[in-house]
Amino acid sequence: MSETMNQSANTIVGSKNSPTSKHIPESNFIGQLLEYCAKMKLPPASFEMIQDATDSHEFCVKCTVINVEMVGTDPNIEQAMQTAAIKVLETLRLGQSRREDDSQVDGSVMKVAKRQLATQLPCNNFTGQLFEYCAKNRLPPASFVLVEQTQNSGGQSEFCMKCTVNNIEKRGTGSKIKVAKQTAAKMVLEELRLEESTQRNDSQADENKNCKILPLQKINEE
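What counts as what
Residues numbered from 1 in each chain as written. Predicted model: local features only at pLDDT ≥ 70, side-chain atom pairs only at ≥ 80, totals over all residues. Heavy atoms only, no water. Helix = DSSP H or I, 4+ residues; strand = E, 2+ residues; numbered from the N terminus. Buried < 20%, exposed > 50% of the residue type's maximum accessible area, 1.4 Å probe, protein only. Contact = heavy atoms within 4.5 Å. Areas by Shrake-Rupley, 256 points an atom, 1.4 Å probe, with all protein chains shown as cover. Pairing = 2+ DSSP bridges. Axes fitted to C-alpha atoms, helices over the stretch in contact; angles between N-to-C directions. Phe/Tyr/Trp six-rings, centres within 6.5 Å; stacked < 30°, edge-to-face > 60°. Lys NZ or Arg CZ within 6 Å of the ring centre and 35° of its normal. Disulfide = S-S within 2.5 Å. Core = buried A, V, L, I, M, F, W, Y, C linked by side-chain atoms within 4.5 Å. pLDDT = per-residue confidence, 0-100.

*Asks:* How should the overall build of the chain be read in this particular structure?
*Replies:* Tallying secondary structure elements over the chain gives seven helices and six strands in all. Ordering the α and β elements of the chain from the N terminus gives α-α-β-α-β-β-α-α-α-β-β-β-α. In the chain, which comprises 222 residues, the share counted as buried stands at 37%. The long-range fraction of contacts in the chain, counting pairs at least 24 apart against all pairs at least 6 apart in sequence, stands at 41%. Surface summary for the chain: the accessible area is close to 14,000 Å², and the carbon and sulfur share equals 49%.

Structure follows, in structure tokens:
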């Protein structure tokens with residue numbers, strides 16, 4: 001599957017460029033990322049689909065360059081790849097700017113990338129946030145299953161989506177599949193963050209227990 005995705009990436013690069021163009025268009029972040037990797041002598045970016053749109057109606061694609069891993073989600077597989085490529089490209093460029101005091105990041109590309117990111121992954125896109133959280137914390141990707149579809153008294157459809165990560169399972173409902181999916185993802189994300197916070201607090205408490213409290217030395221009054 002990853003080999004097929006990488007072939008698709010090369011196809012996208014070719015289709016976005018005219019034979020007479022010397023530069024990859026700003027909107028083709030996959031091409032920009034592959035070009036950046038070649039220029040900086042990095043291994044080429046690899047793309048892997050970690051969820052198809054069969055059940056969740058959204059593709060989730062992971063893009064990797066060395067130790068930088070980012071995911072992109074979208075109903076369109078090419079746009080999911082582009083979103084993941086944006087994030088990796090931005091991370092690599094920011095890392096380069098921090099390492100080199102005199103380096104200058106391409107401002108126009110960064111502005112376009114940030115605008116694209118703001119469009120593709122808004123703060124209320126809990127599905128995308130959940131996939132990123134799972135990738136960052138080395139958890140299996142979230143899975144989504146359509147549990148049921150019903151109709152209310154007004155004849156409007158109501159969907160119920162189940163979201164699962166490890167042993168955490170939550171259900172969300174909504175008038176649209178996407179709304180139900182976002183609701184379920186939000187609840188799972190909140191549960192994962194609560195578990196992480198609890199584990200961190202427990203670890204801190206154990207460290208405090210192991211600390212020995214030394215008695216204060218008496219001060220001899222002269």
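*Asks:* Can you help me understand the sheet that holds strand 2 (residues 59-65) in this one?
*Replies:* Strands belonging to one sheet form pairs held by backbone hydrogen bonds; the direction of such a pair is parallel or antiparallel. Taken together, three strands build an open sheet; the order of strands is 1-2-3 and the sheet is antiparallel. The sheet is open, and its two borders are formed by strand 1 (46-51) and strand 3 (68-74), each paired with just one other strand. In this sheet, neighbouring strand axes are inclined to one another by 25° on average, regardless of whether the strands run parallel or antiparallel. As judged from the seven bridges shared by strand 2 and strand 3, these two strands associate in the antiparallel manner. The partner of F59 across the bridge, within strand 3, is D74.

*Asks:* Help me out: how do you make sense of the sheet that holds strand 5 (residues 157-165) in this one?
*Replies:* In space, the three strands of this open sheet follow the order 4-5-6, with antiparallel pairing throughout. Sheet topology places strand 4 (143-151) and strand 6 (168-174) at the edges, where each strand pairs with a single neighbour. Across this sheet, the average inter-strand angle for adjacent strands is 20°, counted without regard to direction. Where strand 4 and strand 5 come together, eight bridges link them in antiparallel fashion. The partner of T150 across the bridge, within strand 5, is E158.

*Asks:* Where do I start with the packing of aromatic side chains in this structure?
*Replies:* Aromatic ring pairs: the centre-centre distance and the angle between the two ring planes describe each pair. In total, this model carries one aromatic pair according to the counting rule given. Above the plane of the ring of F144 lies K181, whose end atom (NZ or CZ) is 4.8 Å from the centre. Here the guanidinium or amino end of K186 rests over the ring plane of F126, the centre of that ring lying 5.7 Å away.

*Asks:* Looking at this model, I keep getting lost on the state of the cysteines. Mind explaining?
*Replies:* Such a bond, covalent and formed between the sulfur atoms of two cysteines, is termed a disulfide. Enumeration over the complete set of coordinates arrives at zero disulfides. The thiol sulfur of C63 is not disulfide-bonded, and the nearest other cysteine sulfur, from C37, lies at 7.7 Å. For C63, a relative accessible area of 0% translates into the label buried.

*Asks:* What am I meant to see in helix 6 (residues 126-136) here?
*Replies:* The complete set of buried residues in helix 6 reads T127, G128, Q129, L130, F131, Y133 and C134. Trailing helix 6 by a residue or two, R138 shows a phi angle of about 55°, which is positive.

*Asks:* Could you clarify how one ought to interpret the nonpolar core in this entry?
*Replies:* When a protein is soluble and globular, its nonpolar side chains tend to lie buried together. Core analysis: the largest hydrophobic core is formed by 22 residues, its most contacted members being L33, A45, F47, C63, V65, V88 and L92. Counting residues per element, the ones that place at least two in this core are helix 2 (29-39), strand 1, strand 2 and helix 4 (77-99). Here the element with the most residues in this core is helix 4; it accounts for eight residues. What L33 contacts, discounting residues up to four positions off in sequence, is A45, C63, V65, A85, V88, L89 and L92.

*Asks:* So what exactly am I meant to see when it comes to the pairing of strand 3 here?
*Replies:* Buried residues dominate strand 3, accounting for five of its seven residues. Between strand 2 and strand 3, which pair antiparallel in sequence order, lie two residues; one of them, I66, sits at a positive phi of approximately 55°.

*Asks:* Could you clarify how one ought to interpret the environment of K136 in this entry?
*Replies:* Position of K136 relative to the elements: it lies in helix 6. With 65 residues separating them along the chain, K136 and V71 place their C-alpha atoms 9.7 Å apart.

*Asks:* Please clarify how the confidence of the model for the chain should be interpreted in this entry.
*Replies:* When pLDDT drops low, the exact placement of atoms in the prediction is not to be read closely. Looking at the chain as a whole, its pLDDT mean stands at 77, while 69% of the residues score no less than 70. Mean pLDDT across the secondary structure elements of the chain bottoms out at helix 5 (residues 107-120), with 52, and peaks at strand 6, with 93. Of the regions scoring below 50 in pLDDT, residues 16-22 engages in eight contacts with residues more than four places distant in sequence or in other chains. When the criterion is pLDDT under 50, residues 101-106 qualifies, and its contacts beyond four places in sequence or with other chains add up to six contacts.

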